[in-house]
Amino acid sequence: MPGNDPAPFPRGCAHDPPCPGPDAEDRSAAVGVSRDNITGWALLCNGVIHFDDGGDLHPSGLAIAPARQSAA
């Protein structure tokens, strides 16, 4: 519909304190708003999709690989 362009995500966090933004180092600490336990992902308040393996998908489409842990 004309004039009904979707607002860019995120629309603003109403949490107190506010969730970290999608560019913040601790972006995965944002509140989850939706989750799929079968496929292992969660949509966070800041628009980031966080995967159970530690990877993230930024709202801009940027894929952020999971942090690698060194073998001890």
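So, how was this worked out
- Residues numbered from 1 in each chain as written.
- Predicted model: local features only at pLDDT ≥ 70, side-chain atom pairs only at ≥ 80, totals over all residues.
- Heavy atoms only, no water.
- Salt bridge = Lys/Arg side-chain N within 4 Å of Asp/Glu carboxyl O.
- Helix = DSSP H or I, 4+ residues; strand = E, 2+ residues; numbered from the N terminus.
- Buried < 20%, exposed > 50% of the residue type's maximum accessible area, 1.4 Å probe, protein only.
- pLDDT = per-residue confidence, 0-100.
- Contact = heavy atoms within 4.5 Å.
- Pairing = 2+ DSSP bridges.
- Polar contact = N/O pair within 3.5 Å; in protein donor to acceptor, adjacent residues only side chain to side chain.

A. Expanded view of the pattern of salt bridges. In this structure the tally under the stated criterion is 2 salt bridges. With a closest N to O distance of 3.1 Å, Asp56 and Arg27 form a salt bridge. Here Asp56, found in strand β4 (residues 56–57), pairs with Arg27, found in the segment before β1 (32–36); they are 29 residues apart in sequence, far enough to count as distant. Neither Asp56 nor Arg27 differs from the other in exposure class; each is buried. As a salt-bridge pair, Asp52 and Arg35 come within 2.9 Å of each other at their nearest N and O atoms. Linking Asp52 in the loop between β3 (49–51) and β4 with Arg35 in strand β1, this pair joins segments that are 17 residues apart in sequence. For Arg35, a relative accessible area of 44% puts it in the partly exposed group.

B. The confidence of the model for the chain, seen in detail. Considering every residue of the chain, the mean pLDDT works out to 83; 79% of them sit at 70 or more. In this model residues 1–10 is a low-confidence stretch, pLDDT under 50, and it forms 8 contacts with partners more than four residues away in sequence or in other chains.

C. Here's a closer look at the pairing of β1. One ladder, built from 4 bridges, connects β1 with strand β2 (residues 41–44); its direction is antiparallel. Among the inter-strand pairings, Arg35 is bridged to a residue of β2, identified as Ala42. Counted between consecutive antiparallel strands, the loop separating β1 from β2 contains 4 residues, among which Gly40 sits at a positive phi close to 80 degrees.

D. Representation of the pairing of β2. The side-chain alternation of β2 yields one buried face, formed by Ala42 and Leu44, and one unburied face, formed by Trp41 and Leu43. Pairing of β2 with β3 involves 3 bridges; the strand directions are antiparallel. Residue Ala42 lies in a different strand from β3, and its bridge partner there is His50. Between β2 and β3, which follow one another and run antiparallel, lie 4 residues, and Gly47 among them has a positive phi close to 90 degrees.

E. Structural view of the environment of Asn37. Residue position: Asn37 is located in the loop between β1 and β2. C-alpha of Asn37 to C-alpha of Asp52: the two residues are 15 residues apart in sequence and 8.9 Å apart in space.

F. Inspection of the side chain of Arg27 at higher detail. Accessibility expressed as a relative area gives 15% for Arg27, which makes it buried. Of the polar contacts made by the side chain of Arg27, one reaches the side chain of Asp56; its length is 3.1 Å. Sequence-distant contacts of Arg27, defined by excluding residues within four places in its chain, comprise Pro20, Gly21, Pro22, Leu44, Asn46, Val48, Asp56 and Ile64.

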